[in-house]
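# Structural overview for review
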Amino acid sequence: MDLVLGASGHVSGTVARRLLEQGRAVTVVVHCPEQAAEWSARGASVAVLDVHDTPALTAAFCKARRAFLLNPPASPSLDVDHEERRTVHSILRAVQGASLEKIVVQSTCGAQDNPHCGDLGSLYAFEQGARETGVPLCIVRAAYFMSNWFGALSTAQQSGVFSSLLPKDFKAPMVAPQDVGELAARLLVAPVEETGVYNIEGPEPYTPEDVATALGAVLGRHVTVDEIPRPEWPEFYRRNGFCPEAARSYATMTGIFVDGRYDRPSTPLRGATDLQTCLRHQASISSR
Ligand SMILES: NC(=O)c1ccc[n+]([C@@H]2O[C@H](COP(=O)([O-])OP(=O)(O)OC[C@H]3O[C@@H](n4cnc5c(N)ncnc54)[C@H](OP(=O)(O)O)[C@@H]3O)[C@@H](O)[C@H]2O)c1
């Protein structure tokens, strides 16, 4: 039995679908009971639980041999650094309470030992803790998700403008979360001996200007970028529902990314999905 955490999400949804397509027995962990029927209809067993509930998570892991582990992004209305380490801790305790033969951990490019830099820090803690469990481990370090621009689809459709904290001409490695899920599914079914860190980016890097062009093509209208100057980043996050601690942490993470203060992989794997295809796919889902 394979277990997939967070199956309603972008990456995990792909992981679960690929495993089911291969005829594997899959348990999906979902957060909301309303999501259960959809996965049952696809042939999955469903565990409805909150990742904070370590005993329930442990019980689910005990029925599985392999697991795809995703640390859910915390609500930005809370101190994300604290909250995301709480869920990391719960997931890892559940792994320790089970006898899994292999785990695949969703992490990020730029993961680093820093208590206040968004998920760069919490996913570093996830990676380290996962290593300490001793369970054979693959780590997927993904570039900036193209799905970070999904919210821009509706704002750009309404106003022709979207906001970007990344400078307009900043070329950033990005990847479609579906491609990350494809990789994670492949690693989960691969032999137990196939372990290690796998970096993944998309076919090419993109600037926010490229995002505007892609959004324009998908939406059929002219789209421009409103670049948020660096001194205004914390206030921008605050206006968008972040508490002060989360705003500071995300602003720090954004600075690390823009300044390139992390080890950029020299030979990443490359997902096939380009930005426009990823945005077009999302727009078609949203219009259903
Ligand atoms: N954004 C990026 O650029 C980037 C880059 C690299 C790595 N990452 C990492 O990738 C992961 C996010 O992947 P994603 O975008 O695929 O995630 P996502 O679409 O936001 O999905 C998160 C999943 O977690 C579930 N979830 C949320 N809170 C939960 C809880 N308390 N208990 C159980 N399940 C819960 C959600 O269920 P509901 O929908 O029911 O809430 C959802 O299925 C994070 O660990 C993030 O740090 C992100």
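The present account deals with the structure reproduced in this document. Just so it is clear, the structure is predicted and the values come from calculations on it, not from any experiment. (Residues numbered from 1 in each chain as written. Predicted model: local features only at pLDDT ≥ 70, side-chain atom pairs only at ≥ 80, totals over all residues.)

For the pair helix H3 (residues 54-62) and helix H4 (residues 80-96), the least separation of the axes is 8 Å and the interaxial angle reads 45 degrees. Considering the angle they form, H3 stands oblique to H4. The element H3 and its partner H4 pack so that their crossing is right-handed. When H3 is examined against H4, the residues Thr54, Leu57, Thr58 and Phe61 are found in contact with a partner set consisting of Ser90, Ile91, Arg93, Ala94 and Val95. (Axes fitted to C-alpha atoms, helices over the stretch in contact; angles between N-to-C directions. Helix = DSSP H or I, 4+ residues; strand = E, 2+ residues; numbered from the N terminus. Parallel < 35°, antiparallel > 145°, perpendicular 65-115°, else oblique. Left-handed = near helix turned anticlockwise from the far one by under 90°. Contact = placed C-beta atoms within 7 Å.)

On to the environment of Ala152, then. Summarising the element assignment, Ala152 is placed in helix H6 (residues 150-159). Between the C-alpha atoms of Ala152 and Ser164, which are twelve residues apart in sequence, the distance is 9.3 Å. Setting aside anything within four residues of it in sequence, one finds Ala152 in contact with Phe162, Val211 and Leu215.

Bringing the nonpolar core into the picture now. Of all hydrophobic cores here, the largest spans 89 residues; its most connected members are Val140, Ala184 and Leu215. What Val140 contacts, discounting residues up to four positions off in sequence, is Val104, Val105, Gln106, Ser107, Val180, Leu183, Ala184, Leu187, Tyr198 and Ile200. (Core = buried A, V, L, I, M, F, W, Y, C linked by C-beta atoms within 7 Å. Buried ≥ 20, exposed ≤ 12 C-beta atoms within 10 Å, placed from the backbone.)

Strand direction decides the pairing type here: strand S2 (residues 26-30) and strand S3 (residues 45-48), joined by four bridges, are parallel. In the strand pairing of S3, Val30 is matched with Val48. The parallel pair S2 and S3 is bridged by helix H2 (residues 36-41), and the resulting crossover is right-handed. (Pairing = 2+ DSSP bridges. Right-handed = clockwise from strand over helix to strand, strands pointing away.)

Here we come to helix H8 (residues 208-219). Between the first and last C-alpha of H8 there are 16 Å, a value that for twelve residues agrees with the 16 Å anticipated at 1.5 Å per step. Within H8 the residues assigned to the buried category are Pro208, Asp210, Val211, Ala212, Ala214, Leu215 and Val218. Buried-residue contacts for H8 involve H6, strand S8 (161-164), strand S11 (224-227) and helix H11 (275-286). Directly after H8, the chain includes Gly220, whose backbone phi takes a positive value near 70 degrees. (Expected span 1.5 Å × (residues − 1).)

Moving on to the site of the ligand. Around the ligand, the structure places 25 residues, and the nearest of them are Gly6, Gly9, His31, Pro72 and Asp119. When contributions to the shell around the ligand are tallied by element, the ones reaching two or more residues are helix H1 (10-21), strand S5 (102-108), helix H5 (119-133) and strand S7 (144-145). (Near = placed C-beta within 6 Å.)

Strands sit in the order S3-S2-S1-S4-S5-S6-S10-S12 across an open sheet of eight strands; the sheet is parallel. Looking at strand neighbours, the two that pair on one side only are S3 and strand S12 (269-270), the edges of this open sheet. When strand S10 (residues 196-201) meets S12, the two strands line up parallel, connected through two bridges. Directly across from Glu201, in S12, lies its bridge partner Arg270. This element, H1, spans strand S1 (2-5), S2, strand S4 (66-69) and S5 of the sheet and lies at about 160 degrees to S1.

The subject of this paragraph is the environment of Asn199. Its place among the elements puts Asn199 in strand S10. Judged by C-beta crowding, with 23 C-beta atoms within 10 Å, Asn199 ranks as buried. Sequence-distant contacts of Asn199, defined by excluding residues within four places in its chain, comprise Cys109, Arg141, Pro265, Pro268 and Leu269.

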